[in-house]
Amino acid sequence: MYTRRARRWVAGAIAAVAVVALAACSKGGSTSTSTDSGAPAAAVPQAVTDLIAKYSGPSTFTPPGPPIDVTSLKGKKIFDIPSVPNPFVQSISASMKEAAEKAGMTYTKFDNQAQVSQWVQGINQAIASKQDIIVLNGAPDPRALGPQLQAAKAAGIPVIVMHFHDNDMPAVPSCEGCTDITATVTAPFNEAGKAAAAWMIKDSGGKANVLIVGGSDILPSPGTIKAMQDEFTANCPGCSNTVINIPVADWNTKTQGVVQSALQANPNVNYVYVLYDAMVAGAIPAVQTLAKTGQVKIASYNGSPFALDAIRQSNGDLVAMNVGEDTPGIGYATMDQVFRVLLGQQPVAERTPIRIWDKTNVAEAGTPAEAGQGYGNVYTSGFLKLWGLGGGA
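Please read these numbers as outputs of a predicted model, since none were measured by experiment.

## Re the overall build of the chain
Part 1 of the reasoning: Tallying secondary structure elements over the chain gives 11 helices and 14 strands in all.
Part 2 of the reasoning: Taken over 393 residues, the chain has a buried fraction of 58%.
Part 3 of the reasoning: For the chain, long-range pairs separated by at least 24 residues make up 78% of all intrachain contacts whose partners lie at least 6 apart in sequence.
Part 4 of the reasoning: Surface summary for the chain: the accessible area is close to 14,400 Å², and the carbon and sulfur share equals 51%.

## Concerning the pattern of salt bridges
Part 1 of the reasoning: Under the defined criterion, the tally for this structure stands at 11 salt bridges.
Part 2 of the reasoning: The partner of Arg340 in a salt bridge is Asp336, and the shortest N-O contact between them spans 2.8 Å. One end of the pair is Arg340 and the other is Asp336, both in helix H10 (residues 327-342) and 4 residues apart, which spans about a single turn. Per residue, the accessibility class of Arg340 equals that of Asp336, and both read buried.

## A few points about the nonpolar core
Part 1 of the reasoning: Counting residues in hydrophobic clusters, the biggest one holds 67 residues, and the most contacted among them are Met200, Leu211, Val213, Met228, Phe232, Val272 and Tyr273.
Part 2 of the reasoning: A per-element tally of this core places helix H5 (residues 189-203) first, with 9 residues.
Part 3 of the reasoning: The contacts of Met200, once residues within four sequence positions are left out, are Ala208, Val210, Met228, Phe232, Tyr271 and Tyr273.
Part 4 of the reasoning: Core analysis: the second largest hydrophobic core is formed by 56 residues, Ala100, Met105, Met162 and Leu386 among them.

## Examining the state of the cysteines
Part 1 of the reasoning: Evaluated as defined, the whole model comprises 2 disulfides.
Part 2 of the reasoning: There is a disulfide in this structure between Cys175 and Cys178, and the S-S distance comes to 1.9 Å. One quick way to see it: the torsion about the S-S bond of Cys175 and Cys178 is about -110°, and its sign makes the bridge left-handed. The pair formed by Cys175 and Cys178 is uniform in burial state, with each residue classed as buried.
Part 3 of the reasoning: In this model, Cys236 is linked to Cys239 through a disulfide, with the two sulfur atoms separated by 1.9 Å. The chirality of the disulfide connecting Cys236 with Cys239 is right-handed, given an S-S dihedral of about 65°.
Part 4 of the reasoning: Judged by relative accessible area, which is 2%, Cys239 ranks as buried.
Part 5 of the reasoning: Cysteine pairing for the chain (bonded cysteines numbered in sequence order): 1-2, 3-4.

## A closer look at helix H11 (residues 378-386)
Part 1 of the reasoning: A large share of H11 lies buried, amounting to 7 of its 9 residues.
Part 2 of the reasoning: In this structure, the buried residues of H11 make contact with helix H2 (87-102) and H10.
Part 3 of the reasoning: Directly beyond the C-terminal end of H11, a positive phi value near 75° is found at Gly388.

## Quick look at the packing of helix H7 (residues 251-265) against helix H8 (residues 280-289)
Part 1 of the reasoning: Running from N to C, H7 and H8 cross one another at 40°; their axes reach a closest spacing of 8 Å. One element, H7, and the other, H8, form an angle in the oblique class. Two packed elements cross with a definite hand, and for H7 against H8 that hand is right-handed. Residue-level contacts link Thr255, Gln256, Val259, Gln260 and Leu263 of H7 to Gly282, Ala283, Pro285, Ala286, Val287 and Thr289 of H8.
Part 2 of the reasoning: Residues that form the contact of H7 with H8 fall into these classes: 6 nonpolar, 5 polar and no charged.

## Quick word on the environment of Ala262
Part 1 of the reasoning: With respect to the helices and strands, the residue Ala262 is situated in helix H7.
Part 2 of the reasoning: Linking Ala262 and Val272, residues 10 residues apart in sequence, is a C-alpha distance of 9.9 Å.

## Some details on H8
Part 1 of the reasoning: For H8, the complete set of buried residues consists of Val280, Gly282, Ala283, Ile284, Ala286 and Val287.
Part 2 of the reasoning: Its buried side turned inward, H8 meets H7, strand E11 (271-274), strand E12 (297-302), helix H9 (305-314) and strand E13 (319-325).
Part 3 of the reasoning: Ala291 sits one or two positions beyond H8 and adopts a positive phi of about 55°.

## Observations regarding the pairing of strand E5 (residues 106-109)
For a regular strand, the rule is simple: side chains alternate between the two faces of the sheet.
Part 1 of the reasoning: Relative to E5, strand E4 (residues 77-82) is paired through 4 bridges, and the arrangement is parallel. Its bridge partner lying in E5, Asp80 is registered against Lys109.
Part 2 of the reasoning: In terms of handedness, the path from E4 via H2 over to E5 forms a crossover that is right-handed.

## Here we look at the sheet that holds strand E8 (residues 183-187)
Part 1 of the reasoning: Spatial ordering of the open sheet is given by E5-E4-E6-E7-E8, a layout of 5 strands whose pairing is parallel. Of all the strands in the sheet, just E5 and E8 have a single pairing partner and so form its edges. Each adjacent strand pair in this sheet contributes to an overall mean axis angle of 25°, direction not counted.
Part 2 of the reasoning: Relative to E8, strand E7 (residues 159-166) is paired through 4 bridges, and the arrangement is parallel.

## A look at the packing of H5 against helix H6 (residues 221-235)
Part 1 of the reasoning: Between H5 and H6, the least distance of the axes is 8 Å, while the angle of their chain directions is 35°. Seen from above, H5 lies across H6 with right-handed handedness. Packed against H5, whose contacting residues are Phe189, Asn190, Gly193, Lys194, Ala196, Ala197, Ala198, Met200 and Ile201, the element H6 presents Gly223, Thr224, Ala227, Met228, Glu231, Phe232 and Asn235 at the interface.
Part 2 of the reasoning: Here the residues of the contact of H5 with H6 are counted per class, giving 9 nonpolar, 5 polar and 2 charged.

Each value, and the rule that gives it
Residues numbered from 1 in each chain as written. Predicted model: local features only at pLDDT ≥ 70, side-chain atom pairs only at ≥ 80, totals over all residues. Heavy atoms only, no water. Helix = DSSP H or I, 4+ residues; strand = E, 2+ residues; numbered from the N terminus. Buried < 20%, exposed > 50% of the residue type's maximum accessible area, 1.4 Å probe, protein only. Contact = heavy atoms within 4.5 Å. Areas by Shrake-Rupley, 256 points an atom, 1.4 Å probe, with all protein chains shown as cover. Salt bridge = Lys/Arg side-chain N within 4 Å of Asp/Glu carboxyl O. Core = buried A, V, L, I, M, F, W, Y, C linked by side-chain atoms within 4.5 Å. Disulfide = S-S within 2.5 Å. Axes fitted to C-alpha atoms, helices over the stretch in contact; angles between N-to-C directions. Parallel < 35°, antiparallel > 145°, perpendicular 65-115°, else oblique. Left-handed = near helix turned anticlockwise from the far one by under 90°. Nonpolar A, V, L, I, M, F, W, Y, C, P; charged D, E, K, R; others polar. Pairing = 2+ DSSP bridges. Right-handed = clockwise from strand over helix to strand, strands pointing away.

Given below as structure tokens:
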């Protein structure tokens, strides 16, 4: 995700501290499997193939709470402060606006260029214009906005932070930066990391040597890396991984150089996994410059259209896999929490879907890829039915 240090959205960056970690032993039943990597197939645990199968198709919807009647919310005002002006967050905002207007609410988006000072201005504007609820979308780092969140709370305006905390993190008010917020809509960061590790285990035939590129100043990044390493440890004795962490502020300028240096230092790496799509564009030229296309595969998380297009265009030989997110589903899940808070109900645990994309299914994302396409519409239709606004099962 994004932090208060996020200043620009472009894939690229890495200047940072390298921490090495090797994954070891394995347990559980195994089955033989084929691999597209060119390496001889090894025994891959059934748990790995089952996990990949779980996330390889369209989403399924489980209501996060009981049905609600949103008719009383007509005329309420929601103020959306997105973190950065990129397609991923823009798609979430568009679906939030759609859901808000279906409920008769007035939706306002505070456009900005990812500056903390602008987020401060946005909250101040929301307070001055007497909004009914504020959403930090994508998410502006609540740890950087303490005085403003206190002011919103004092004004009686609830604040929801979405796509900043992992599903496994404590709920409000125990989560980090949550003292003065009302609710969160968490994200499956760790779940995505585990799914990505499983895909690389299977694709390599149990011989993945992975360069994991994280962002140590992003709140969920350490947990995602640990989830990946735990998956390697549990299910791939022939796998290894090296971790480098890059501050977000450097993503835009240093990714190519740092990834390139790491690949030169460890020529046995056959996968580069960047934790966020914002670094894909820097990883691509790093691999190409070293003439390692077809030898080193790039994978990532978020499901940004440009990253999915890169899978299709390279036929999986350069950019090979992405754990994508259903952005309309995220927007509707956020609005479900908004509605419940405004109705005076207790927040619920909103869970949003992920899907593994590779060359076998990426065509379903569209040509060119579109945000939210290929996940099915079960989240949007499911929430509409839950709210009494129509929709299917």
